[in-house]
Amino acid sequence: MWIQMEGQELEPRSITNLPVGSNFVVGGYGFSRINTLLDSAFPIKEIDSRVHTVAGAYVRSINFFGLSSKIDIIVPYFAGHYEGEYQGREIGINRSGFGDIRMRFSFNFVGSKAMDASEYQKYSPDFVSGLSVQVIAPTGFYDSQYLINIGSNRWVIKPQWGVAKNYEKWILEGYLGVWLFGENNHFLEGNSLEQEPLFTIKGHAIRTMKSNRWMSFSAGYAVGGNTKINGTLRETQISTLRLAFMYALPISKAGSLKFSAISGIRFQKGSDYNSLAVAYQYKWLDKKEMLKLK
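Everything numeric in this text was worked out from a predicted model, so none of it was measured.

1. Details of the overall build of the protein chain
Part 1 of the argument: Counting secondary structure elements, the protein chain contains two helices and 17 strands.
Part 2 of the argument: In terms of overall size, the protein chain behaves like a compact globule, its C-alpha atoms giving a radius of gyration of 20 Å where 294 residues would be expected to give roughly 19 Å.
Part 3 of the argument: Each of the three principal axes of the protein chain carries a C-alpha extent, and together these read 70 × 35 × 30 Å.
Part 4 of the argument: Looking at the protein chain as a whole, 44% of its 294 residues qualify as buried.
Part 5 of the argument: Of the roughly 14900 Å² that the protein chain leaves accessible, carbon and sulfur atoms contribute 60%.
Part 6 of the argument: Charged side chains of the protein chain number 32 positive and 25 negative; the gap between the two group centres comes to 11 Å.

2. Re the sheet that holds strand β9 (residues 184-187)
Consider a sheet: its strands pair through backbone hydrogen bonds, and that pairing is either parallel or antiparallel.
Part 1 of the argument: The sheet built from four strands is open, its strands ordered β9-β10-β13-β14 with antiparallel pairing. The sheet terminates laterally at β9 and β14 (232-233), the two strands that pair on one side only.
Part 2 of the argument: Relative to β14, strand β13 (residues 227-229) runs antiparallel, the two being bridged by two bridges. What sits directly across from I229, in β14, is T232.

3. Notes on the nonpolar core
Part 1 of the argument: Of all hydrophobic cores here, the largest spans 14 residues; its most connected members are I47, Y82, L147 and F187.
Part 2 of the argument: V128, A164, I171 and A248 belong to the second-largest nonpolar core, a separate cluster that totals nine residues.

4. Brief notes about the environment of K228
Part 1 of the argument: Locating K228 in the fold gives a position in strand β13.
Part 2 of the argument: For the pair K228 and E183, spaced 45 residues apart in sequence, the C-alpha to C-alpha distance is 9.7 Å.
Part 3 of the argument: Contacts of K228, omitting those with residues within four sequence positions, involve S192, L193, E194, E196 and L233.

5. A few points about the pairing of strand β12 (residues 214-224)
Part 1 of the argument: Examined bridge by bridge, strand β11 (residues 198-208) and β12 share 11 bridges and lie antiparallel to one another. Residue pairing across strands places T208 opposite W214, the latter belonging to β12.
Part 2 of the argument: Linking β11 back to β12 in an antiparallel pair, the connection comprises five residues, with S211 at a positive phi of about 60°.
Part 3 of the argument: Judged from the 11 bridges that link them, β12 and strand β15 (residues 238-250) form a sheet pairing that is antiparallel. Across the sheet, the residue bridging to Y221 is L241, located in β15.

6. A short note on the environment of V110
Part 1 of the argument: In this fold, V110 is placed in strand β5 (residues 102-110).
Part 2 of the argument: Since its relative accessible area comes to 31%, V110 is described here as partly exposed.
Part 3 of the argument: Separated by 54 residues in the primary sequence, V110 and A164 have C-alpha atoms spaced 10 Å apart.
Part 4 of the argument: Excluding residues within four positions of it along the chain, V110 makes contact with F127, V128 and S129.

7. Quick word on unusual backbone geometry
Part 1 of the argument: With phi around 70°, R13 is a residue other than glycine that occupies positive phi space.
Part 2 of the argument: Looking at the element boundaries, R13 is found in the segment before β1 (22-37).

8. Some points on the confidence of the model for the protein chain
Part 1 of the argument: Residues with a pLDDT of 70 or more make up 95% of the protein chain, whose mean pLDDT is 91.
Part 2 of the argument: Segment residues 1-7 is flagged for pLDDT under 50; beyond a separation of four residues in sequence, or across chains, it makes 32 contacts in the model.

9. Brief notes about the pattern of salt bridges
Part 1 of the argument: Here the structure, examined in full by the defined rule, presents six salt bridges.
Part 2 of the argument: Taking the shortest distance from any N to any O, the salt bridge between D286 and R60 comes out at 2.7 Å. Residue D286 is located in the loop between β17 (270-285) and α2 (287-291), and its partner R60 is located in strand β2 (residues 46-64); the two are separated by 226 residues in the primary sequence.
Part 3 of the argument: Residue D272 is joined to R266 by a salt bridge in which the shortest nitrogen-to-oxygen separation is 3.4 Å.
Part 4 of the argument: When salt bridges with common partners are traced through the structure, they connect E11, D72 and R104 into a single cluster.

10. A look at the pairing of β17
Part 1 of the argument: Here β1 pairs with β17 via 16 bridges, running antiparallel. Across the sheet, residue S22 finds its bridge partner in β17, namely L285.
Part 2 of the argument: Bridge count between strand β16 (residues 255-266) and β17: 10 bridges; the pairing is antiparallel. Across the sheet, F259 pairs through a bridge with V278, a residue of β17.
Part 3 of the argument: Linking β16 to β17, which pair antiparallel, is a turn of three residues.

Thresholds applied
Residues numbered from 1 in each chain as written. Predicted model: local features only at pLDDT ≥ 70, side-chain atom pairs only at ≥ 80, totals over all residues. Heavy atoms only, no water. Helix = DSSP H or I, 4+ residues; strand = E, 2+ residues; numbered from the N terminus. Rg over C-alpha atoms; globule rule 2.2 N^0.38 Å. Buried < 20%, exposed > 50% of the residue type's maximum accessible area, 1.4 Å probe, protein only. Areas by Shrake-Rupley, 256 points an atom, 1.4 Å probe, with all protein chains shown as cover. Lys, Arg positive; Asp, Glu negative; His and termini not counted. Charge placed at Lys NZ, Arg CZ, Asp CG, Glu CD. Pairing = 2+ DSSP bridges. Core = buried A, V, L, I, M, F, W, Y, C linked by side-chain atoms within 4.5 Å. Contact = heavy atoms within 4.5 Å. pLDDT = per-residue confidence, 0-100. Salt bridge = Lys/Arg side-chain N within 4 Å of Asp/Glu carboxyl O.

Spelled out as structure tokens, the structure:
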């Protein structure tokens, strides 16, 4: 089974406006310890995991009919060890491979028009609101003979609405989203897996500091996501709370490091987990946009 982390993302400042022609590349590493409670129909009731994740991402700011917009793509690679009890004995397996590619388009429609670099220098954000749509493609490693897989073998779409309000050194953000899951017709030896929508609500309090440093405190809740196997509804409703802290530290004019710690608490099905991650971000502006600053 694909160990789901949907609804667990806590990403502050995703609604932040950027000058048109901004580019970012990001490389990151994370380590997670996860306990996942499974459907009682499975021969393994729960799985303990230790997962290493390496991910690369690209982000670009564009002009979408006069609105500040972004496109991004994320390519993850996972290597994990998974343990559980099967027929009275402990078993362990290793899985590694590329995960499902994630692509997202986002735009702000209130308080954040598209601006070139010279206009952006004069921009002072107040209230911002925007929408995003993320698509997860079934490109990751998957084998229907296995209960545990890196990929999901299904399409997933996540629309999200967000708002942000700036208060001098603080930024407050809120997001409402929903995960919409496609059907996996090759789930575990030819069975069919469907999943109901998973609803999310997230909030971030971001403190800006000197030298472009910032830190954030985040919380999110996800509920829903009951599954159906061969059309039969299972008692697998997810109910999880996530808490996170992030610190961003510029180390050069174009580069910065981000450190994060995330903890997830399960109330029904789903995962308890603790994660630590570090990422390096490099940014640059298109040459034609740089010329406007001279």
